[in-house]
Amino acid sequence: MKITDVRCATIKQYPVIRVVTDEGIDGFSQVEFYKPYVKAQLPLYRSILLGQKPTEVERTVRSIRKLGGFKPWGSLVSAIEVALWDIAGKAAGLPIHRLLGGKLRDRVRVYNTGGVGYASPTELRQGSEGFTIAKYATAYHGGEFEKLSGHTIGDWDGGPGRGINRGPLTERGLQHQIEKVYALKEQLGDGIGLAMDCGPGWTLADAIRFAKALEPLNLMWLEDLITGDYSPYTSPGLYRDLTTSTTTPIHTGEQIYLRQNFMDLIEHRAVDVIGPDPLDVGGLAELKWIAEYADLHSISIAPHGIGDGIFGLAALIQVSSTLPQNFIAFECPRIDPPWYDIVQGLPSPVIQDGFVTVGDQPGLGVVFNVEAAKSYLSSDDLDFFD
Ligand SMILES: [Mg+2]
């Protein structure tokens, strides 16, 4: 079997890629970035990938791995890795989790994430019913300081949509953040764990004061306080200073590409929880390797995920079912939009009691209803399924 084409179309908000082969088996995935980037990059990727054997996943991915980088530049390499596993699974008649060594759990825990959509503690509680863990975006991550004056020292304008996104807090700003987390936890009680997506952009001193003040709440984690998300690097030394100064678990890693870039964080035990995204870190096998290495260092993993894209969800279900016992949950909003009828294979409802059941269908476990999916294609993508 050989790769004959790599195509891209936007279906709902995400670019979906299709790796086409000469044996009628296709692999699908999604890119967590914008279609113009994918379209511009595809000629280069095609020049390397066409003619290669898609079921030799590792060999094929090694030929394109150098084209990636920290988020979002690893997104296309990662998406192709996932699509190759989809092909390998379909060719073998096995789900991807069997190819990765087999699943360790039949259902996977997810945590509720509303992005910045939950405006109040009450809304978070209402939106999190049925989940066991919920995450709330605050501080620089939530764009909160754009609406509040007197909460930050800095006045740097990060540009459209980003506002103030880095710098020291005022005493009032720090106290406001602490009171907010206490109000959230009071609403959730001890039946739903609370994680906070905080930044990046805090100073180390503010981050330490914040984490220590929250210790009585036994939070799941504080995410991306210093670097992460919008910063294309990581700082193991700063994270280790933060982590060793508090009992509140510290989390980062959604922007990191490849295992090499997790090495210092893990070996120095600089964080308590890592959060790679399979569609940014280099793919499913890459994420599994990192999870295993983290487990040896007593570091947990709570993989990042975005939105409601079908193939990102399917990828997270497959790999999360195979991770060791340091797995906490993967990030997932409350979903089941009507347009999910463009595929077959997802459980319905997707999330039951805060978990997703792992299927045994080949590959990623989802198959397009092509006619239904075609209705979402824009005019310049109409040949996507041809
Ligand atoms: Mg995050």
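Residues numbered from 1 in each chain as written. Predicted model: local features only at pLDDT ≥ 70, side-chain atom pairs only at ≥ 80, totals over all residues.

S.K.: Is there a simple way to think about the overall build of the protein chain in this case?
M.R.: The helix and strand inventory of the protein chain stands at 13 helices and 14 strands. Taking 2.2 N^0.38 as the reference for a compact globule, 386 residues should give roughly 21 Å; the C-alpha atoms of the protein chain span a radius of gyration of 21 Å, in line with that estimate. In terms of its C-alpha atoms, the protein chain occupies a principal-axis envelope of roughly 65 × 45 × 40 Å. Considering the protein chain as a whole, with its 386 residues, one finds that 49% of them fall into the buried category. Considering only intrachain contacts with a sequence separation of at least 6, the fraction spanning at least 24 residues in the protein chain is 69%. (Helix = DSSP H or I, 4+ residues; strand = E, 2+ residues; numbered from the N terminus. Rg over C-alpha atoms; globule rule 2.2 N^0.38 Å. Buried ≥ 20, exposed ≤ 12 C-beta atoms within 10 Å, placed from the backbone. Contact = placed C-beta atoms within 7 Å.)

S.K.: Looking at this structure, how should I read helix 12 (residues 310–320)?
M.R.: Because an α-helix packs 3.6 residues into every turn, residues spaced three or four apart end up facing the same way. Of all 11 residues in helix 12, 11 are buried, a share of seventy percent or more. Listed in full, the buried residues belonging to helix 12 are Ile-310, Phe-311, Gly-312, Leu-313, Ala-314, Ala-315, Leu-316, Ile-317, Gln-318, Val-319 and Ser-320.

S.K.: Teacher, can you tell me more about the environment of Ile-226 here?
M.R.: Looking at the secondary structure, you find Ile-226 in the loop between strand 7 (221–223) and helix 8 (236–243). Using a count of 22 C-beta atoms within 10 Å as the deciding quantity, one classes Ile-226 as buried. Taking C-alpha positions, Ile-226 is 21 Å from Trp-73, a pair spaced 153 residues apart along the chain. The contacts of Ile-226, once residues within four sequence positions are left out, are Gly-199, Pro-200, Trp-202, Leu-204, Ala-207, Ser-235, Leu-238, Tyr-239 and Leu-242.

S.K.: Looking at this structure, how should I read the domain arrangement of the protein chain?
M.R.: According to the domain assignment, the protein chain consists of domain 1 (3–94 + 367–379) and domain 2 (98–357). For domain 1 versus domain 2, the separation of C-alpha centres amounts to 26 Å. Each partner contributes to the interface: domain 1 provides 32 residues, whereas domain 2 provides 28 residues. Looking at the side of domain 1 that touches domain 2, the elements that each hand over two or more residues are strand 2 (14–21), strand 3 (27–30), helix 3 (75–92), strand 14 (367–368) and helix 13 (370–374). Residues that form the side of domain 1 that touches domain 2 fall into these classes: 17 nonpolar, 10 polar and 5 charged. (Domains from an automatic or database assignment. Nonpolar A, V, L, I, M, F, W, Y, C, P; charged D, E, K, R; others polar.)

S.K.: Is there a simple way to explain the sheet that holds strand 1 (residues 3–11) in this structure?
M.R.: For sheets, the rule is that strands pair by backbone hydrogen bonds, running either parallel or antiparallel. Taken in spatial order, the 3 strands line up as 1-2-3 in an open sheet, and their pairing is antiparallel. The open sheet is flanked by strand 1 and strand 3, the only strands paired with a single partner. Taken over all neighbouring pairs, the strand axes of this sheet differ in orientation by 20° on average, direction set aside. Of the strand pairs in this sheet, strand 2 and strand 3 are connected by 4 bridges, and their pairing is antiparallel. Of the residues in strand 3, the one forming a bridge with Ile-17 is Ser-29. Running over the sheet, helix 3 touches strand 2 and strand 3 and is turned about 150° from strand 3. (Pairing = 2+ DSSP bridges. Axes fitted to C-alpha atoms, helices over the stretch in contact; angles between N-to-C directions.)

S.K.: What's the story with the environment of Ile-299 in this structure? I'm lost.
M.R.: With respect to the helices and strands, Ile-299 occurs in the loop between helix 11 (284–296) and strand 10 (300–301). Taking the C-beta count within 10 Å as the criterion, Ile-299 has 24 such neighbours and is therefore assigned buried. Linking Ile-299 and Gly-114, residues 185 residues apart in sequence, is a C-alpha distance of 25 Å. If we ignore the near neighbours within four places in the chain, the residues touching Ile-299 are Ile-266, Arg-269, Val-271, Asp-272, Val-273, Ile-274, Ala-294 and Asn-326.

S.K.: Any chance you could explain the pairing of strand 6 (residues 193–197) here in plain terms?
M.R.: Within strand 6, 5 of the 5 residues are buried, which leaves it mostly tucked inside the rest of the structure. Neither face of strand 6 is exposed, since Gly-193, Ala-195 and Asp-197 on one face and Leu-194 and Met-196 on the opposite face are all buried. Here 5 bridges tie strand 5 (residues 133–137) to strand 6, and the two strands are oriented parallel to one another. Within strand 6, the position partnered with Ile-133 by the bridge is Gly-193. Where strand 6 meets strand 7, 3 bridges bridge the pair, whose relative direction is parallel. Within the sheet, the bridge partner assigned to Asp-197 lies in strand 7 and is Glu-223. Crossover strand 6 to strand 7 through helix 7 (residues 204–213) is right-handed. (Right-handed = clockwise from strand over helix to strand, strands pointing away.)

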